[in-house]
Amino acid sequence: MSVDAKARYAQSHEYARQEADLIVVGISDHAQDELGDIVFVELKEAGKRLEKGQVFGTIESVKAASDLYMPVSGSIAAVNEALQADPSLVNREPYSGGWMIKIRPDNAKDLETLLDAKAYASLVGEE
Amino acid sequence: MNLSPEPLVFELSRPGLVGCSLPVSDVPAAQLPKDLVRSSIDLPELDELTVVRHFTRLSQKNYSIDTHFYPLGSCTMKYNPKANEAAAAESGWKNIHPLAGHSEAQGAIELIYRLQENLAEIGGFSSVSLQPAAGAHGELAGVLMIRDCLKARGQGQRTKMLIPDSAHGTNPASCTMAGFTTQTIPSGKDGNIDLKALEAALDDSVAGIMITNPNTLGLFERNITKIAAMVHEAGGLVYGDGANMNALTGVFQPGKSGIDVMHFNLHKTFSTPHGGGGPGAGMVAAVKELAPFLPGPIARKRSGKYELAMPEKSIGRLKAFYGNFGVLVRAYCYVRMQGAEGLRRIAENSVLNANYLRARLEKTYKLKYTRPCMHEFVAMGDVAPGIRTLDIAKRLIDYGFHPPTIYFPLIVPEALMIEPTETESKKTLDDFVEAMLSIAAEAKTTPELLHNAPTTTPVGRLDEVAAARSPVLCFRG
Amino acid sequence: MPFIPNAESDRMAMLEAIGKKSIEALFADVPARKRFPKLKLPPALSEQEVLREIGAMAAKNRGADKVSWFLGAGIYNHFIPALVPALASRGEFLTAYTPYQPEVSQGTLQAIFEYQSMAARLFGVSVVNASHYDGATALAEAALMAWKLDEGRNKILLPEDLHPEYKAVLKTYFSSFKVEIVEYSGAPENAALDSGCACLIAGYPCFSGELYGLKAAAQRAHEAGALFIVHADPLMCAILESPGAQGADIVVAEGQSLGNAMNFGGPGLGMMGATEKLMRRMPGRIVGEAKDHDGRRGFVLTLTAREQHIRREKAVSNICSNQGLVMLQSCIYMAALGAGGMKQVASLCYDKAHYAASLINSLKGFKVKNRSFFKEFLVSTPIPAQVIVDRLAKRKIMPGLALSRYDSKKEKELLICVTEMNSKTEIDRLVAALKEAVL
Ligand SMILES: Cc1ncc(COP(=O)(O)O)c(C=O)c1O
């Protein structure tokens, strides 16, 4: 399983990666593998403000379903519409085409409270 | 099995046909409300024989208890006596309306009353309501009763329900519907509730615990009386999920051992047919303190007459009318044919059959918990590298057996949950063992036989991922 | 005991394989003091005896097989073609479990898919699920679904003219939540909708039989951002515009009338359909089409991530077992009657009910209260309706439901239902008996 070295990670397996003044959020390669073939992704609409830890969407495979949690507080600046038509993007390219939302963070520093790539890799047993 | 593709009713349709002759009208036609007249309705049109062949052929694409061994764990797929069907087919049952007065429905209310009495005795409870339509509906009733009983005790702040990690999904889902939050209690090494973890969870927000006994690992909860005492001591109540009562009829009365409220699945233990998904019946029983909260109405007897009435502090109605009455007739028929002695034989033979299968399979299919089981046991299907439980299950179909329940309970990896029931013979069990052992051997020598299974069915493994990604839920022709 | 196939010698051999001396020893985990209680149950009966006992109890009932029947109010006396129970009671359908293993359950799965498809067309919706316990729980679950869509909306608008038992069930289902259930009277478009409403519920027709068009109400509900839920008579939808076509978001119904006996009110069939947009919010099992590796068409349970076995405490509902066999009966019924037969049955109901209503309306002291109705109508009576019911019972006529059963203030109201089962002669006899009952 791959870990994107440029991203930071929540314990609940969302990644958060700074891109300009936004934070791109998706789920890690490890998480997509655990869930299996993704059949549906549902995301809250752009414009909504949520606290860290609040649910911004859900993701479903045929055998499992999981809530998606905000890695940092902020408002949703964009959602990945492509996942509606092709949820398998999350399986195939979790860190690129399979991104879910972009957050405009309340506080850019919040990112630092998340695990770095190395710590996350050891959390999921990938050294 | 019928392997030929069967068209959909829509594809068999011929314009103008009808599959049942209907009377001509003997009254004048009335004017329909003009703004609401429906111009067309796109339903199929078939003659009678086409309908008969169609559904007969469809039926031949099913495995069923009448045709195959069906060891589906937690589902108690036992033989459904034909007498049950004859009993339920009486025209006196089929033609009685729920709102006919009590005087018109004395027979129906009497049957409800008698079944309530019998089931209360079997479970060791004070009262029973037959209103719930299925197990999950009984659970909802039970947790709502716990909610109201706690309120009546002045303990309305108790909103957390404890649920063992081996529990069926309906348990936590029912709690949510009753406004409770849930906390999972882990199982210990012996497959029973971890008492230390339970102790730690018992604070004053605890409303109670939902216990399945035997649990979904097929193990009797050895500390049942102790657990009940701990929860009671902490101010909570104990719910019993009775889906697995088949191991305990005539053996153990939960209502006399600390369970406060409980459902039975009459469509499991009491042999009413499962009908490809239902209808079931999920009677709920309660000890004295909780009895006034039962859902209603329930039947009672007053000066020789039967009547239906709402319990004093009832949680209310859970469905219109009185429960799945047709299912209740079947369950009553079954209980009457068994008597106390017969009920004990059910439990004994179901436990014997399960232990026999366990003993014969355990060297090949590993067990996470090795002590004697009750009516079912959970083995693991990863018998060779690259082989998963799903492969074992699908290969069993080629041997003419319905697969066990798979991937449940969630705490056993690659779970194969096997429940033979008491109505299967040693010969059938031996044949099943032979098939299982032979599949385990194939798993090592010719794994492709497993990966490609089943090949003896109308369709092979279906692409469930594609089906869920772009759902086709209706005929679109 | 004919249901236990093992002989004593088999049991001995099995115990030996297990390594136990006795069957009792297998129950060592059960607390000794509690083990093997003596149950106080009546002695077991043979099949012959039990069928005689049950037959005698059944014979004590006086139902539509013995009496001219004009009582509906949620459960209806309709004709059931012989092929319906003959096919549905085949062991392969009757004794199968939920179709968890699709390869050996294609019969059940295809039948569910056909039911979903036919019911969807009847209701004018995109998706129908595989059933709920009954019409009342289907309605309650539909309202729960609407409420959960938007946490800001906590009001449910309910017709005052809804079956009292349905209201009671809805109340039970919502009893743990802070939700305001507000009743409105009259046409659904006149309900007091606002931005706090999760849904507007309408009857099609109402409990009293009153029939309102739904378009205006649908529009008003949608303007207020609420879902529009319709409880419909499924047979009526064969001749009158479907709720879906008039803008309903969710349609629920009691499907007993589609090929199922009255059975003292159960098992019934909770039908639920919805727009495509709501499909992943729906409770209950749903079957979808799928292909195998050779491209053959098959059917599977799908969208299961909504359900309790996967989502546990976060599931949209706790429902697991449903009313499969009842659904199958209705599926066969719809297939056998088809477009023409369904229309004809519905028309017979409509015409006969209107024939009866016009005669009753001309009786002195009786007045039909409905403006528009399908097969059931409300009559105000000159003397207490229950007295009429009791008097007519002696003449083997069940004239309907005295509404005093649910509301003591409605003493002089009789709800009368006429279906294709009632001949003109029977209707004429009812009218004559009503006239004489109040003399
Ligand atoms: C342990 C357990 N609890 C509850 C249920 C739910 O029962 P029902 O399907 O009748 O709602 C089941 C049935 O699958 C079960 O196995």
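Not measured: the values here are computed from a predicted model.

In this fold, Arg38(B) is placed in the segment before helix H1 (48-59). Judged by relative accessible area, Arg38(B) falls into the buried class, the value being 13%. When the C-alpha positions of Arg38(B) and Met380(B) are compared, they lie 56 Å apart, and in sequence the two are 342 residues distant. Setting aside residues no more than four positions away along its own chain, Arg38(B) makes contact with Arg121(C), Leu122(C), Cys237(C), Ala238(C), Ile239(C), Leu240(C), Glu241(C) and Ser242(C). Reaching out from Arg38(B), the side chain makes a polar contact with the backbone oxygen of Ser40(B) at a distance of 3.0 Å. A polar contact is formed between the side chain of Arg38(B) and the backbone oxygen of Arg121(C), at a distance of 2.7 Å.

To continue, consider the interface of chain C and chain A. With seven residues of chain C at the interface, the matching set in chain A holds 12 residues. Carbon and sulfur atoms make up 43% of the area that chain C and chain A hide from each other, which totals about 740 Å². Of all residues in chain C, Arg280(C), Ile310(C) and Arg311(C) give up the largest surface area on contact with chain A, accounting jointly for 57% of the area buried on that side. Inspection of the chain C/chain A interface yields four salt bridges. Residue Asp67(A) pairs with Lys314(C) through a salt bridge whose shortest N-O separation is 2.9 Å. If you look at where chain C meets chain A, you find five residue pairs in polar contact (both at pLDDT 80 or more). Class assignment for the residues of the side of chain C that touches chain A results in two nonpolar, one polar and four charged.

Turning to the packing of helix H5 (residues 106-123) of chain C against helix H10 (residues 324-361) of chain C, a few remarks are in order. Residues and elements named next belong to chain C. It is the contact of H5 with H10, at a shortest axis distance of 9 Å, that shows an interaxial angle of 45°. With respect to H10, the axis of H5 lies oblique. Like other packed secondary-structure pairs, H5 and H10 cross with a definite hand, here left-handed. Within the contact between the two elements, H5 uses Ala111, Ile112, Glu114, Tyr115, Met118, Ala119 and Leu122 and H10 uses Met327, Leu328, Cys331, Met334, Ala335 and Met342. Per-class residue counts for the contact of H5 with H10 are 12 nonpolar, no polar and one charged.

What follows covers the interface of chain B and chain C. As a measure of interface size, the accessible area lost when the parts come together is often cited. Opposite the 197 residues of chain B that make contact, chain C presents 177 residues. When chain B packs against chain C, the two sides together hide about 16000 Å² of surface, and 63% of this comes from carbon and sulfur. Between chain B and chain C we count 13 salt bridges in total. Ionic pairing is found between Lys352(C) and Asp26(B), a salt bridge with its closest N-O pair at 2.8 Å. In this assembly, chain B and chain C are joined by 86 residue pairs in polar contact (both at pLDDT 80 or more). Considering every element that reaches the side of chain B that touches chain C, the biggest residue donor is helix H9 (residues 325-361) of chain B, with 26 residues. Looking at the side of chain B that touches chain C residue by residue, the class counts come to 107 nonpolar, 52 polar and 38 charged.

All names here are of chain C. Taking strand neighbours across the sheet as the criterion, the four strands line up as E11-E12-E15-E14 in an open arrangement whose pairing is antiparallel. Single-partner strands in this sheet number two, and they are strand E11 (367-368) and strand E14 (401-402). Direction of pairing for E14 relative to strand E15 (residues 413-417): antiparallel, over a ladder of two bridges. Looking at the pairing, Ala402 lines up with Leu414 of E15. Packed on one face of the sheet, H10 meets E11, strand E12 (376-380) and E15 and runs near 5° to E12.

This brings us to the site of the ligand. Around the ligand, a shell composed of 15 residues is seen, among which Ser74(B), Asp241(B), His267(B), Lys268(B) and Ser321(C) lie nearest. Mapping the residues near the ligand onto chains gives chains B and C. Within the contact set of the ligand, a nitrogen atom lies 2.6 Å away from a side-chain nitrogen or oxygen of Asp241(B). In this structure, Lys268(B) approaches the ligand through a side-chain N or O atom, which is 3.1 Å from an oxygen atom.

A word on the packing of helix H4 (residues 106-123) of chain B against H9(B). Residue and element names in this part refer to chain B. Contact pair H4 / H9: the axes reach a minimum separation of 10 Å and the direction vectors enclose 45°. Between H4 and H9, the crossing angle belongs to the class labelled oblique. Between H4 and H9 lies a crossing of left-handed hand. Every residue of H9 that contacts H4 at Ala108, Leu111, Ile112, Arg114, Leu115, Asn118 and Ile122 is listed here: Phe325, Leu328, Val329, Ala331, Tyr332, Val335 and Leu343. Residue classes in the contact of H4 with H9 are distributed as 12 nonpolar, one polar and one charged.

With that out of the way, let us pick up H4(B). An ideal rise of 1.5 Å per residue puts 26 Å on 18 residues; H4(B) measures up with 26 Å between its terminal C-alpha atoms. Within H4(B), 16 of the 18 residues are buried, which leaves it mostly tucked inside the rest of the structure.

Attention now moves to the domain arrangement of chain B. Assigned domains within chain B: domain 1 (1-32 + 43-61) and domain 2 (84-338). With centres defined by C-alpha atoms, the gap from domain 1 of chain B to domain 2 of chain B works out at 41 Å.

Let us look at the environment of Ala65(A). Along the polypeptide, Ala65(A) turns up in strand E7 (residues 65-69). Taking relative accessible area as the criterion, Ala65(A) reaches 21% and is therefore assigned partly exposed. Ala65(A) sits 19 residues away from Ala46(A) along the chain, and the two C-alpha atoms are 22 Å apart. Once residues within four sequence positions are removed from consideration, Ala65(A) is found in contact with Ile59(A), Glu60(A), Ala305(C), Ile310(C) and Arg311(C).

Before going further, it helps to examine the environment of Val90(A). By secondary structure assignment, the location of Val90(A) is in helix H3 (residues 89-92). Along the sequence, Val90(A) and Gln11(A) sit 79 residues apart, while their C-alpha atoms lie 18 Å from each other.

This brings us to the packing of aromatic side chains. Scanning the entire structure with this criterion turns up 22 aromatic pairs over all chains. On the numbers, 5.2 Å between centres and 80° between planes, the contact of Phe69(B) with Phe432(B) is edge-to-face. On the criterion of sequence distance, the pair formed by Phe69(B) in the loop between H1 and helix H2 (82-88) and Phe432(B) in helix H11 (residues 426-445) is long-range, its members being 363 residues apart. Just as Phe69(B) is buried, Phe432(B) falls in that class too. Between Phe373(C) and Phe377(C), the aromatic rings sit 5.1 Å apart at their centres with planes inclined by 45°, giving tilted as the arrangement. Note on accessibility: Phe373(C) and Phe377(C) belong to one class, buried. Three or more aromatic residues link up through ring pairs in this structure, and these residues are Trp93(B), Phe321(B), Tyr322(B), Phe325(B) and Phe264(C). The side chain of Arg280(C) reaches across the aromatic face of Phe40(A), ending 3.7 Å from its centre.

So, about the domain arrangement of chain C. Residue and element names in this part refer to chain C. As assigned here, chain C comprises domain 1 (68-79 + 339-437) and domain 2 (83-333). Of note, the centres of domain 1 and domain 2, computed from C-alpha atoms alone, are 28 Å apart. Contacts between domain 1 and domain 2 engage 29 residues on the former and 23 residues on the latter. Of the roughly 2200 Å² buried between domain 1 and domain 2 on both sides combined, carbon and sulfur atoms contribute 64%. Taken together, the connections running from domain 1 to domain 2 amount to two salt bridges. Asp233 is the salt-bridge partner of Lys375, the closest N and O atoms lying 3.3 Å from each other. Viewed at the interface, domain 2 and domain 1 are joined by 10 residue pairs in polar contact (both at pLDDT 80 or more). Ranked by residues supplied to the side of domain 1 that touches domain 2, first place goes to H10 with six residues.

Calculation notes
- Residues numbered from 1 in each chain as written.
- Chains lettered and ligands numbered in written order.
- Predicted model: local features only at pLDDT ≥ 70, side-chain atom pairs only at ≥ 80, totals over all residues.
- Heavy atoms only, no water.
- Helix = DSSP H or I, 4+ residues; strand = E, 2+ residues; numbered from the N terminus.
- Buried < 20%, exposed > 50% of the residue type's maximum accessible area, 1.4 Å probe, protein only.
- Contact = heavy atoms within 4.5 Å.
- Polar contact = N/O pair within 3.5 Å; in protein donor to acceptor, adjacent residues only side chain to side chain.
- Buried area = accessible area lost by both parts, 1.4 Å probe.
- Salt bridge = Lys/Arg side-chain N within 4 Å of Asp/Glu carboxyl O.
- Nonpolar A, V, L, I, M, F, W, Y, C, P; charged D, E, K, R; others polar.
- Axes fitted to C-alpha atoms, helices over the stretch in contact; angles between N-to-C directions.
- Parallel < 35°, antiparallel > 145°, perpendicular 65-115°, else oblique.
- Left-handed = near helix turned anticlockwise from the far one by under 90°.
- Pairing = 2+ DSSP bridges.
- Near = heavy atom within 4 Å.
- Expected span 1.5 Å × (residues − 1).
- Domains from an automatic or database assignment.
- Phe/Tyr/Trp six-rings, centres within 6.5 Å; stacked < 30°, edge-to-face > 60°.
- Lys NZ or Arg CZ within 6 Å of the ring centre and 35° of its normal.

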